[in-house]
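# Results of the structural survey
What follows is each chain in one-letter form.
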Amino acid sequence: MTTSPFDKEVLYKKYKKSFLQQAVVILRYKKDDWGCVNKEKWNEYIQNNFFMKAEKFFVDGVVGLSKKDNSIDYLFSKDQVAIRIQGKDYVSFSDTIIPHVYKMRKFIKDVVGLNSVDEVEIRKWDAWQVKPDEKNQALEKEIQRYFLSQDFFNYNTNIDDPKDLAPNEDCVKAFKWIVGKRELRVNASMLNPKDLLCLILYSDCITKSGVSVEKIEGELEESNYDLFRIFDWSISDNARKLMEE
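All figures in this text were calculated on a predicted structure; none of them were measured in a lab.

Bringing helix H6 (residues 237-244) into the picture now. The set of residues buried in H6 consists of Ala239, Arg240 and Met243. Summarising the axial view, the buried residues of H6 lie within an arc of 100°, below the 170-degree limit, and thus occupy one face. Relative to its buried face, H6 has exposed residues pointing more than 90 degrees away, namely Asp237 and Lys241. Where H6 starts, the residue carrying a side-chain oxygen 3.3 Å from the main-chain nitrogen of Asn238 turns out to be Ser236.

The structure is reproduced here in structure tokens:
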């Protein structure tokens, strides 16, 4: 019998090796009156949290801050604040993402002047790359069957349109679930960069019911667990063995 990711509880596990390419957290909000948001608040926030001088006032548009090696990116705008972290710098959600969420909360509360956000979203991209002797469709199917689970292939409920595909990326299968206040998606796709076959597993979770600033970390932790359940359901035992090596 084919199961869904939410048919059973799964013990959260931190593997020795990760195939995560990047993780993104987005906090979205609406503010009717931006007149009370001034340059001094923005400058103070940047100096206290990033130890740098604010050269741009975010009200004028979108401001991005990146580490020199591009391993971490912040984005600030009138309707959202977001962070992106590369997989090579990702240890675990609690250790890697949550400390940055503190800065995001401070921005919303101290600069924007809000006590809640409208949406909380997590996005993740995992990828497995294979360098074959030659490319062919049969090999693509073999790679998919090697890394993805039988439940993923046999499940034919909650079919969805794929999200965030590149122009040269072909979807294998995509699903969407509504679980309480959360909307969750996953899709597997094939990307064929030069001399490689790449299987990508994209997943995201959006909470749309509104979240108070004080509860953002808790909501993100719960959302991340739901994404782990989807990830665990989507991958094969072969993928798990590789992550344990």
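This brings us to the pairing of strand S3 (residues 72-76). Counted residue by residue, S3 has four buried out of five residues, so it is predominantly covered. Pairing analysis gives four bridges linking strand S2 (residues 63-66) to S3, with the strands arranged antiparallel. Across the sheet, residue Val63 finds its bridge partner in S3, namely Phe76. The antiparallel hairpin formed by S2 and S3 contains five residues in its connecting segment, where Asn70 sits at a positive phi of about 60°. Pairing of S3 with strand S4 (residues 80-86) involves five bridges; the strand directions are antiparallel. Residue pairing for S4: Phe76 is matched across the bridge by Val81. Where S3 hands over to S4, the hairpin turn is made up of three residues, counted between the paired strands.

What follows deals with the pattern of salt bridges. Under the counting rule described, the total for this entry stands at 24 salt bridges. Arg28 serves as the salt-bridge partner of Glu121, at 2.6 Å between the closest nitrogen and oxygen. Note that Glu121 is positioned in strand S6 (residues 119-130) and Arg28 in strand S1 (residues 20-28), a separation of 93 residues in sequence. Judged by its relative accessible area of 1%, Glu121 is buried. Across the salt bridge formed by Glu219 and Arg182, the nearest N and O atoms sit 2.8 Å from each other. One end of the pair, Glu219, is in helix H5 (residues 216-234); the other, Arg182, is in strand S8 (residues 182-191), and 37 residues separate them in sequence. A residue is classified by how much of its surface remains accessible, and Arg182, at 10% relative accessible area, is buried.

Below, the discussion takes up the pairing of S4. On a regular strand, each side chain points to the face opposite its neighbour's, so the side chains alternate between the two faces of the sheet. By the criterion of burial, S4 is predominantly enclosed, with six of the seven residues buried. Of the pairings in the sheet, the one linking S1 to S4 comprises seven bridges and is antiparallel in character. Residue pairing in the sheet places Ile26 in a bridge with Ala82 of S4.

Turning our eyes to something else, we now look at the packing of aromatic side chains. Applying the stated rule across the entire model yields 25 aromatic pairs. Centre to centre, the rings of Trp128 and Phe147 are 5.4 Å apart; their planes meet at 20°, and the pair counts as stacked. Here Trp128 is found in strand S6, whereas its partner Phe147 is found in helix H3 (residues 137-147), with 19 residues between them in sequence. When sorted by exposure, Trp128 lands in the same class as Phe147, which is buried. One aromatic cluster in this structure is built from Phe6, Phe152, Phe153, Tyr155, Phe175, Trp177 and Trp233. When the ring centre of Phe50 is taken as origin, the NZ or CZ atom of Lys103, which lies over that ring, is 4.7 Å away. When the ring centre of Phe153 is taken as reference, the NZ or CZ atom of Arg145 above it lies at 3.8 Å.

Cut-offs applied
- Residues numbered from 1 in each chain as written.
- Predicted model: local features only at pLDDT ≥ 70, side-chain atom pairs only at ≥ 80, totals over all residues.
- Heavy atoms only, no water.
- Buried < 20%, exposed > 50% of the residue type's maximum accessible area, 1.4 Å probe, protein only.
- Helix = DSSP H or I, 4+ residues; strand = E, 2+ residues; numbered from the N terminus.
- Arc of directions from axis to C-beta.
- Polar contact = N/O pair within 3.5 Å; in protein donor to acceptor, adjacent residues only side chain to side chain.
- Pairing = 2+ DSSP bridges.
- Salt bridge = Lys/Arg side-chain N within 4 Å of Asp/Glu carboxyl O.
- Phe/Tyr/Trp six-rings, centres within 6.5 Å; stacked < 30°, edge-to-face > 60°.
- Lys NZ or Arg CZ within 6 Å of the ring centre and 35° of its normal.

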